[in-house]
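For reference, the chains in residue letters:
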Amino acid sequence: ASKWDIREKVWEHLEASGLAEFPRPVRGRIPNFKGSLQACCSLRELDVFGRAREVKVDPDKPLEGARLAALQARKTLLVPTPRLRTGLFNRIVPPPGATKEILRRCATSQGVKEYSVPVGLDGKARVDLVIVGSVAVSEKGWRIGKGEGYADMEYAMMVSMGAVQEDTPVVTIVHDCQVLDIAEELLDDHDLTVDYILTPTRTIQTNCKRPKPQGIMWHKANTILHDSEMLGKIPILKTLRSREKQAGKDVTLQDEHPALANTSRAALSNKKVMAANTQPWAAPASAPVGQSHVESDPVNPRSEGSDSITTVYVGNLPVSLRVSELKSALRELQVIPVRLNWQGAQHRAFLEYRDKGTADRAVASLQGLSLGGNALRVELAKSQRSKGEINSHK
């Protein structure tokens, strides 16, 4: 089984068994599950948590209880910034004399936004404990995330900036059903492993001997995060790269290295399934209102001719809306299409997905969403593709 097969198996089981919790559906996410708070409470029994003064916890919903436990224990809580857009960490700073209720709010995704201050590269972070989400994990400590590579990259960046050491423990919190056998050959040398697994019923010490990433592997960085354009959108990564280059390290990216360029293309080609849900598509940042243009998946342009394409109609777009705002909403909801046909003058857009399941998830996620003051009208398109063109919605 591939990593993606394992992810699909876990997501499907959590939904089918009734174990999945908000936000739903869990597919494409670090899944929240029934009993996540109970699993997080086991943190207090870990010696490594008791000794830690500075704790980094990912922003995923099932780790909300871990963030709360860190705040209640008066530890310094660091949370990665979403998609590393504005830096690596935010430090959560509850107001003086914060009540239990305020601390609970600080642990939520909204609270992380309201009560945080950014920590720059020179912020002298010294992380004593790392807590990450997982889609699947083995008792040996092999971990599979949701497929975007951010947890691996965040850890590598912490190594590069001296925020973690070789012996800094890593904990993951999952449901029991997410603890599976994972073949070691599925792991890459940039993959983060874990030392402790907390579930609603068990605490597992993995005694993992496999080395954790020793810093950013620049020749693989754009494979992990899918493309060099994406790297360019992460300012802190650009700064780190510049510093390491000045220090004499080889920071050549895979698609900048002639001998590795074909490998890079092959690796991207192998990620076609994942790309349907997580890959940004190549396109102008925004288009003037009224201008129609089509944006395609850069990884697999031939997919445009596929008979399996399912089209989603998005209507009632406000006059002032730009395509970049719709793209941003699609990214946040993790329902990125392989192709977007923007028809701003007609206040509509068509989104194309490789399979009906993904299209249905897009409809469910977008239905009722308000952009620019308008509630979007979203449904599977009644019109069908003909000779590679999208007909008007009937």
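Remember, it's a predicted structure, so these values are computed and weren't measured experimentally.

So, the sheet that holds strand β1 (residues 54-57): which residues are in play, and what are the values?
The strand order across the open sheet built from 8 strands is β4-β3-β2-β1-β5-β8-β9-β10, with neighbouring strands paired in mixed fashion. If you trace the sheet from one side to the other, it starts and ends with β4 (116-119) and β10 (203-205), each paired once. Looking at each pair of strands side by side, their axes are set apart by 25° on average, direction ignored. When strand β2 (residues 76-80) meets strand β3 (residues 89-92), the two strands line up antiparallel, connected through 4 bridges. Looking at the pairing, V79 lines up with N90 of β3. Sheet contacts for helix α4 (residues 64-72): β1, β2, β3, β5 (129-132) and β8 (170-173); angle to β2, the most-contacted strand, approximately 150°. Its contacts with the sheet place helix α7 (residues 150-160) against β1, β2, β3, β5 and β8, and it is angled at close to 150° to β1.

Just give me the short version of the nonpolar core, but keep the residues and values in it.
Counting 48 residues, the largest nonpolar core has L43, L46, I92, L129, I131, V171 and I173 as its most contacted members. With sequence-adjacent residues up to four places away left out, L43 is seen in contact with F49, A66, L129, I131, V171, I173 and L198. By size, the runner-up hydrophobic cluster in this structure holds 36 residues, among which are L84, L121, V132 and V179.

Tell me about the pairing of β3, and please be specific about residues and values.
The sheet contact formed by β3 and β4 spans 4 bridges and is antiparallel. Looking across to β4, one finds that I92 is bridged to S116.

Pulling in residues and values, what's your account of the confidence of the model for the chain?
Of the residues in the chain, 78% reach a pLDDT of 70 or more, and the chain-wide mean stands at 80. Contacts from residues 384-394, a stretch scored under 50 in pLDDT, to residues over four places away or in other chains number 28 contacts.

With reference to specific residues and values, describe the pattern of salt bridges.
A full pass over the atoms with the stated rule returns 15 salt bridges. In this structure, K56 engages D58 in a salt bridge whose closest nitrogen and oxygen atoms are separated by 2.7 Å. For the pair K56 and D58, a shared accessibility class is recorded, and that class is buried. Among the ionic pairs, K212 bridges to D195, the shortest N-O distance being 3.0 Å. A residue pair is termed long-range when its members are at least 10 positions apart, and K212 in the loop between β10 and α8 (218-224) and D195 in the loop between β8 and β9 (196-198) qualify at 17 residues. Each member of the pair, K212 as well as D195, is classed as buried. Through salt bridges with shared partners, a single ionic network connects K56, D58 and E154.

About the criteria used
Residues numbered from 1 in each chain as written. Predicted model: local features only at pLDDT ≥ 70, side-chain atom pairs only at ≥ 80, totals over all residues. Heavy atoms only, no water. Pairing = 2+ DSSP bridges. Helix = DSSP H or I, 4+ residues; strand = E, 2+ residues; numbered from the N terminus. Axes fitted to C-alpha atoms, helices over the stretch in contact; angles between N-to-C directions. Contact = heavy atoms within 4.5 Å. Core = buried A, V, L, I, M, F, W, Y, C linked by side-chain atoms within 4.5 Å. Buried < 20%, exposed > 50% of the residue type's maximum accessible area, 1.4 Å probe, protein only. pLDDT = per-residue confidence, 0-100. Salt bridge = Lys/Arg side-chain N within 4 Å of Asp/Glu carboxyl O.

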